[in-house]
Amino acid sequence: MGRPRPRPALPHRAPAPMPYFTSGRLELSVNGRVLRAEAEARTTLLDLLRGAGIFGVKAGCSTGRCGACAVLLDGRPVASCLTLAVRAQGRTVLTIEGLGTAERPHPLQAAFAEAGASQCGFCTPGLVLGARALLEAVPSPSEGEVRDALAGLCRCTGYALPIAAVLAAAARAAGDDR
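Remember, it's a predicted structure, so these values are computed and weren't measured experimentally.

What counts, and where the lines are drawn
- Throughout this description, residue numbers start from 1 for each chain and increase along the sequence as written.
- With pLDDT at 70 or above as the cut-off, local features in this predicted model cover only qualifying residues; side-chain atom pairs require 80 or more to be listed or tallied, and sums for whole chains, interfaces and linings still use all residues.
- The side-chain numbers reported here are obtained from all heavy atoms of the structure, hydrogens and water having been left aside.
- Note: two strands are recorded as paired if DSSP finds a minimum of 2 bridges between them.
- Strands here mean DSSP runs of E at least two residues long; helices mean DSSP runs of H or I at least four residues long; both are numbered from the N terminus.
- Angular values range over 0 to 180 degrees, each being the angle between N-to-C directions of two axes fitted as lines to C-alpha atoms, with helices fitted over their stretch in contact.
- Contacts are assigned to residue pairs with any non-hydrogen atoms lying within 4.5 Å of each other.
- The labels follow the angle: roughly parallel below 35 degrees, roughly antiparallel above 145, roughly perpendicular from 65 to 115, and oblique for the rest.
- Definitions for this section: a left-handed crossing has its near helix turned counterclockwise from the far helix by less than a right angle. A right-handed crossing has that turn clockwise.
- Exposure categories follow from relative accessible area, calculated using a 1.4 Å probe and restricted to protein chains: below 20% of the type maximum is buried, above 50% is exposed, and the middle band is partly exposed.
- In predicted models, pLDDT denotes the confidence assigned by the predictor to each residue on a 0 to 100 scale.

## As for the pairing of strand 1 (residues 23-30)
Item 1. Strand direction decides the pairing type here: strand 1 and strand 2 (residues 33-40), joined by 8 bridges, are antiparallel. From the neighbouring strand, Ser-23 faces strand 2, where its bridge partner is Glu-40.
Item 2. Linking two consecutive strands that pair antiparallel, namely strand 1 and strand 2, is a turn of 2 residues; a positive phi of about 55 degrees is found at Asn-31 within it.
Item 3. As defined by bridge partners, strand 1 adjoins strand 5 (residues 92-94) across 2 bridges and the pair is classed as parallel. Bridge pairing in strand 5 places Val-30 opposite Val-93.

Spelled out as C-alpha cells, the structure:
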C-alpha cells in the first residue's frame, strides 16, 4: 500500500466570537446568493436551509451519523443537523443545488451518475459534497484518502462505487481519462 500521504493543511480560520443570540436576523451566502432569514438560537442550519426551500439537504438521523444533511460551510463538510444556523452568520454555505445543474452537472455529479454510485440516492448529495471538499484539498487523492473523506456520509453503501466515481473525477480533472 505504500507510505500514508500526509493530509494538506486546511486553510486557517480564525475563531469568530459569537455574540449572545436568542433570535434574530441572519445573513449568509448560500450557493452564491445572499440568504437573509429570521432564526431562533436553537434553529439548526438544516432547518434554516430547508425552510428557505433548499431541499437537497436531507433530514435523516438528526444525530450527525447518516451524512444526508451534509453541506459545505466555508468549504468544509459539516452535519447541518448538528450545526446551529447562527454559526453560519456571515459565512458561505454550499449545497448540492449550488454545485451543478441537470443541464450542466459538476464533474463529480457526472462521475457519480456514470458509475451508478447512488444506491437509494438519499445521501448522495452529502457524498458528492464531501468528495468536492476532498478534491479541493487533495486534487489527486489515493483510494484510502477518498475512503476516509467519505466515511460516515452514507449508511447504505459499501462505498466501492462512490470511491470509484471520485477517483474517476479526479483522474479526469488531471487530464487522465481512465
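Don't stop here, the text continues.
## What to know about the pairing of strand 4 (residues 76-79)
Item 1. Strand direction decides the pairing type here: strand 3 (residues 70-73) and strand 4, joined by 4 bridges, are antiparallel. Paired with Ala-70 across the strands is Ala-79, a residue of strand 4.
Item 2. Taken together, strand 3 and the strand that follows it, strand 4, pair antiparallel across an intervening segment of 2 residues, in which Asp-74 is found at a positive phi of about 55 degrees.

## Topic: the sheet that holds strand 5
Item 1. Pairing is mixed across the open sheet formed by 5 strands, whose spatial order is 2-1-5-3-4. Edge positions in the sheet fall to strand 2 and strand 4, since each has one partner strand and no second. Direction aside, the axes of adjacent strands within the sheet are offset by 40 degrees on average.
Item 2. In this fold helix 3 (residues 124-137) packs onto strand 3, strand 4 and strand 5, with an angle of close to 30 degrees to the strand it touches most, strand 3.

## Some details on the packing of helix 4 (residues 143-150) against helix 5 (residues 160-173)
Item 1. Relative orientation of the contacting elements helix 4 and helix 5 amounts to 120 degrees, with a least axis distance of 10 Å. Between helix 4 and helix 5, the angle falls in the class oblique. The crossing of helix 4 and helix 5 is right-handed. Every residue of helix 5 that contacts helix 4 at Glu-143, Val-146, Arg-147 and Leu-150 is listed here: Pro-162, Ile-163, Val-166 and Leu-167.

## Thoughts on unusual backbone geometry
Item 1. Positive phi, close to 55 degrees, is recorded for Asn-31, a residue that is not glycine.
Item 2. Relative to the helices and strands, Asn-31 resides in the loop between strand 1 and strand 2.
Item 3. When its relative accessible area of 23% is taken as the criterion, Asn-31 is described as partly exposed.
Item 4. Of note, Asp-74 is a non-glycine position whose phi angle comes to about 55 degrees, a positive value.

## Digging into the side chain of Glu-145
Item 1. Tracing the sequence through the fold places Glu-145 in helix 4.
Item 2. On the basis of relative accessibility, which here comes to 11%, the residue Glu-145 falls in the buried class.

## Quick notes on the confidence of the model for the protein
Item 1. Scored by pLDDT, the protein has a mean of 88; 87% of the residues are at 70 or more.
Item 2. Confidence scores differ between elements of the protein, with strand 1 showing the lowest mean pLDDT of 92 and strand 5 the highest of 98.

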